[in-house]
Amino acid sequence: MYRKKDKSKQTQIQMLCIEDMVPQDHMLREIESAIDWNFIYDEVKGLYKETDWGNPGINPVVLFKIVFIQYLYGIRSMRQTIKEIDMNIAYRWFIGYDLTEPVPHFSTFGKNYKRRFEGTNIFERIFRHILEEAVKSGFVDASAIFIDGTHIRANANKKKAVKELVAVEAKRYQQELDAEIERDREEHGKKPLKEKKGKKDDDDDDNSGENGTGGGKSEETKEVVKSKTDSECGMFHKGEHEKQFAYVAGTACDKRNFILGFAVAPGNVHDSVMFDDVYRNTVAYFPEVQTVVADSAYRTPWIAKQLIDDGRTPSMPYKAPMTPDGYFKKYEYVYDEYYDCYICPNNQILRYSTTNREGYREYKSNPEICQNCPCREQCTKSMSCQKTVTRHVWENYMEQLEDFRHTPWVKDLYDKRKQKIERVFADAKVKHGLRYTQLRGLAKVTMQVTLTFACMNLKKLAKWKRISSLPVGFFFSWIYKTTHSFAFAGSEWFWSTVCGCRTATAVFCAYFEKRLETAGEKSYNIVV
């Protein structure tokens with residue numbers, strides 16, 4: 001039994017209000033009430049002419065709301081965003097347009113970007129304003145931050161590329177490293193290193209490195225692959241065989257997955273090189289950071305020194321030595337701090353030789369002893385029968401980092417890394433279209449990353465504000481801030497203890513099951 005659909009009603013005139021056509025639980029309603037959008041008027045002051053004559057431009061709040069719709073829903077382009085707004089009632093309601101008002105042309109934002117916003121920090125200020133709202137609401141917990149990088153595929157064909165020679169830039173910390181090297185050489189009775197002039201020095205004790213001394217750029221060059229369509233992206237080696245042009249976004253988030261800071265660079269820049277920008281950008285706004293959690297790519301002497309000298313605890317995993325099979329691992333050579341030497345697995349001494357330009361002390365064995373050593377095939381195949389073991393001048397910081405790694409609370413924080421920063425990247429790519437970019441140039445890609453992260457923070461802020469405004473939201477919010485877990489506050493054990501009634505327990509658990517799914521936590525059982 002069925003009835004044919006009567007389509008004659010589609011031509012009837014009805015009295016409708018766009019306010020009533022948008023569901024009360026729609027996400028855009030939550031976002032509309034989460035912040036006061038009038039702050040955009042203050043941010044764009046000086047970017048618009050203060051005159052009464054001429055044709056007025058598009059309202060800046062409307063303009064930025066259109067962009068927020070694009071990145072909130074991961075729409076691939078502004079052209080498609082305008083099409084969606086034209087047909088979607090909720091989108092029209094969000095930007096303040098009625099059912100028949102024509103929406104702006106898709107090129108409007110591009111022209112405003114070129115004429116007004118290019119070269120300004122307007123997008124950064126909007127990101128910071130949303131983050132400050134989350135801080136004021138008590139949702140941000142920056143006692144521990146999680147840092148990592150993700151690659152964004154560039155809008156460039158990897159087959160259309162050229163190879164170029166570019167100057168090798170000196171390390172940012174080169175001056176500090178040079179001072180430490182000179183101090184170490186002086187303690188060991190060695191002469192100061194000669195200034196490098198683009199070729200190997202005549203000092204037989206010293207090994208030239210890749211970077212020059214002092215600031216600025218060295219005279220060495222390296223060959224890089226550059227795209228013909230987007231010269232500012234970099235060739236990223238994804239795995240052993242796949243290559244692609246990309247950008248990398250170094251990002252820091254807190255325990256509750258709010259994004260606190262980020263930096264964007266070409267895809268051929270290593271994560272550890274970007275660490276300084278991300279770390280300094282984050283702690284400048286959140287000096288209360290106590291622990292920094294990162295993966296093994298950030299396990300370098302400079303990063304360990306920087307964090308420990310700042311009074312913060314690094315949480316990084318063990319990095320296995322990359323020694324070929326069949327050879328002794330470096331940890332099998334024991335360092336004697338008192339005599340400043342190494343002892344090999346055959347109980348022979350490797351004495352200090354020099355400190356090279358890269359900041360490594362070199363400890364060398366006696367070739368006359370090694371020549372007849374039964375373990376020589378597992379130690380070295382050097383023609384001179386001499387084994388060399390290196391130790392960085394900041395190795396003591398690496399040893400402290402290793403000590404921190406074994407403490408229980410640092411282990412627990414690192415175990416949460418996959419639920420925090422990795423989840424931020426997954427949401428950004430799957431839900432907000434950050435897997436690739438259709439924009440070209442570092443500035444425009446930085447704008448996309450900034451607005452995407454701003455939308456992610458805004459969406460989380462809106463949902464959390466709605467939860468805290470519910471009838472039992474105040475009590476739930478207090479429990480969450482105390483336990484730092486939605487799962488605990490929504491657990492059956494907790495509510496059965498508070499209520500002492502099966503019916504009330506079932507109601508609260510069913511109620512918070514929906515809240516937990518909204519907040520993103522799938523499991524809400526107590527783990528003791």
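Residues numbered from 1 in each chain as written. Predicted model: local features only at pLDDT ≥ 70, side-chain atom pairs only at ≥ 80, totals over all residues. Heavy atoms only, no water.

**Brief notes about the packing of aromatic side chains**
Here's step 1: Here the structure, examined in full by the defined rule, presents 23 aromatic pairs.
Here's step 2: Ring geometry for W37 versus F94: centroids 5.7 Å apart, planes at 85°, classification edge-to-face. Of this pair, W37 sits in the loop between helix 2 (27-34) and helix 3 (39-43) while F94 sits in helix 6 (residues 89-95), and the two are 57 residues apart along the sequence. There is no split in this pair, since W37 and F94 are both buried.
Here's step 3: For the ring pair Y342 and Y363, a centre distance of 5.1 Å and an interplane angle of 75° mean the geometry is edge-to-face. Of this pair, Y342 sits in strand 10 (residues 341-343) while Y363 sits in strand 12 (residues 360-364), and the two are 21 residues apart along the sequence. No difference in accessibility class separates Y342 from Y363, as the two residues are buried. (Phe/Tyr/Trp six-rings, centres within 6.5 Å; stacked < 30°, edge-to-face > 60°. Helix = DSSP H or I, 4+ residues; strand = E, 2+ residues; numbered from the N terminus. Buried < 20%, exposed > 50% of the residue type's maximum accessible area, 1.4 Å probe, protein only.)

**Observations regarding unusual backbone geometry**
Here's step 1: Phi is positive for N257, close to 70°, though the residue is something other than glycine.
Here's step 2: By the secondary structure assignment, N257 is in the loop between strand 5 (242-253) and strand 6 (259-266).
Here's step 3: Here the phi dihedral of D340 falls at roughly 50°; this positive angle occurs in a residue that is not glycine.
Here's step 4: D340 sits in the buried class, given a relative accessible area of 16%.

**Some points on the pairing of strand 5**
Here's step 1: A large share of strand 5 lies buried, amounting to ten of its twelve residues.
Here's step 2: Across eight bridges, the pairing between strand 1 (residues 144-153) and strand 5 is antiparallel. For F146, the partnering residue across the bridge sits in strand 5 and is C253.
Here's step 3: Summarising the sheet, strand 5 and strand 6 pair through seven bridges and their orientation is antiparallel. Pairing of Y247 across the sheet is with P266, part of strand 6.
Here's step 4: In sequence, strand 5 turns back onto strand 6 through a hairpin of five residues, with N257 there showing a positive phi of about 70°. (Pairing = 2+ DSSP bridges.)

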